[in-house]
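Each chain is listed here by its residues.
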Amino acid sequence: EADIYQTPRYLVIGTGKKITLECSQTMGHDKMYWYQQDPGMELHLIHYSYGVNSTEKGDLSSESTVSRIRTEHFPLTLESARPSHTSQYLCASSGFGNTEAFFGQGTRLTVV
Amino acid sequence: GQQVMQIPQYQHVQEGEDFTTYCNSSTTLSNIQWYKQRPGGHPVFLIQLVKSGEVKKQKRLTFQFGEAKKNSSLHITATQTTDVGTYFCAPRDDKIIFGKGTRLHILP
């Protein structure tokens with residue numbers, strides 16, 4: 001069973017609010033990822049990290065930002081939420097080398 | 001990261017029929033991973049293929065990696081309702097860029 005957790009699972013928030021989506025893993029994985037996925041659609045990589053103090057933007061441009069101060073923690077922040085940010089956000093991690101990725105349960109974000 | 005194309009985008013099959021999804025790249029891949037995402041769920045790793053011409057089986061699922069390492073396929077024999085979901089392939093790189101997926105629907 002994968003030990004990667006995302007909170008909250010569901011979030012409904014008003015336009016203009018600042019939000020932080022939490023992602024934590026207890027597997028000691030160096031690599032962590034954030035994906036954005038609309039229902040029934042493809043997975044878009046928006047951020048990834050190779051380790052502490054390493055963050056890179058993914059293939060899909062996103063207004064969100066991330067930080068990696070601790071190995072186990074990879075939060076994603078939206079400074080000012082907009083309805084266009086409504087989506088599911090999935091966090092994943094993987095260990096050394098090109099090994100399998102483990103996904104969290106996801107956060108379903110609705111901005112009203 | 002390397003990009004792949006998956007076909008078909010959607011597939012409806014009668015329960016008990018076979019199903020195949022294909023993953024194609026214009027460049028040679030070092031490896032390929034397959035994931036399954038159930039409706040409302042998150043992607044779950046199925047398998048990784050590394051060697052040219054590799055074939056791996058998991059019960060009713062058969063995974064193949066082409067000789068040129070530019071394509072891969074997932075074949076499900078005698079589909080069951082539990083097979084419903086989206087199947088994604090992804091070349092395993094430092095970044096994991098997924099194909100668009102094949103959505104499998106099973107008709108009872």
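In what follows, the structure referred to is the one given above.
Quick caveat, the model's predicted, so the values are computed rather than measured.

Q: Summarise the interface of chain B and chain A; cite the residues concerned and give the values.
A: Contacts between the two partners involve 21 residues from chain B, matched on the other side by 24 residues from chain A. In this assembly, chain B packs against chain A so that about 1900 Å² is buried in total across both faces, 47% of it on carbon and sulfur atoms. Considering only the side of chain B, the residues that lose the most area to chain A are B:His42, B:Arg92 and B:Asp94, jointly responsible for 28% of the buried surface there. At the surface where chain B touches chain A, the tally comes to 1 salt bridge. Taking the shortest distance from any N to any O, the salt bridge between B:Lys95 and A:Asp59 comes out at 2.9 Å. Linking chain B with chain A are 12 residue pairs in polar contact (both at pLDDT 80 or more), by the criterion used here. For the side of chain B that touches chain A, the secondary-structure elements that each account for two or more residues are strand S4 (32-37) and strand S5 (44-49) of chain B. Considering each element in turn, the side of chain B that touches chain A owes the most residues, 3 residues, to S4(B). For the side of chain B that touches chain A, a count of residues per class yields 7 nonpolar, 8 polar and 6 charged.

Q: Outline the nonpolar core, supporting the account with residue identities and numerical values.
A: Grouped together as the largest cluster of nonpolar side chains are 19 residues, with contacts concentrated most on B:Ile32, B:Trp34 and B:Phe63. When contributions to this core are tallied by element, the ones reaching two or more residues are strand S3 (19-24), S4, S5, strand S7 (61-65), strand S8 (71-76), strand S9 (85-90) and strand S10 (102-107) of chain B. For B:Ile32, the residues in contact, after removing those within four places along its chain, are B:Val4, B:Cys23, B:Ile47, B:Gln48, B:Leu49, B:Phe65, B:Ser72, B:Cys89, B:Ala90 and B:Pro91. Among the nonpolar cores identified, the runner-up in size contains 17 residues, and A:Ile4, A:Cys23, A:Leu78 and A:Tyr89 belong to it.

Q: Tell me about the packing of aromatic side chains, and name the residues and values.
A: Each pair of aromatic rings is reported with the distance of its centres and the angle of its planes. Inspection of the entire model under this criterion finds 10 aromatic pairs over all chains. An aromatic cluster of at least three residues, connected via ring pairs, comprises A:Tyr33, A:Tyr35, A:Phe103, B:Tyr35, B:Phe45, B:Phe88 and B:Phe98. One Lys or Arg, A:Arg68, reaches over the ring of A:Phe74 and ends 5.8 Å from the middle of that ring.

Parameters and conventions
- Residues numbered from 1 in each chain as written.
- Chains lettered and ligands numbered in written order.
- Predicted model: local features only at pLDDT ≥ 70, side-chain atom pairs only at ≥ 80, totals over all residues.
- Heavy atoms only, no water.
- Contact = heavy atoms within 4.5 Å.
- Buried area = accessible area lost by both parts, 1.4 Å probe.
- Salt bridge = Lys/Arg side-chain N within 4 Å of Asp/Glu carboxyl O.
- Polar contact = N/O pair within 3.5 Å; in protein donor to acceptor, adjacent residues only side chain to side chain.
- Helix = DSSP H or I, 4+ residues; strand = E, 2+ residues; numbered from the N terminus.
- Nonpolar A, V, L, I, M, F, W, Y, C, P; charged D, E, K, R; others polar.
- Core = buried A, V, L, I, M, F, W, Y, C linked by side-chain atoms within 4.5 Å.
- Buried < 20%, exposed > 50% of the residue type's maximum accessible area, 1.4 Å probe, protein only.
- Phe/Tyr/Trp six-rings, centres within 6.5 Å; stacked < 30°, edge-to-face > 60°.
- Lys NZ or Arg CZ within 6 Å of the ring centre and 35° of its normal.

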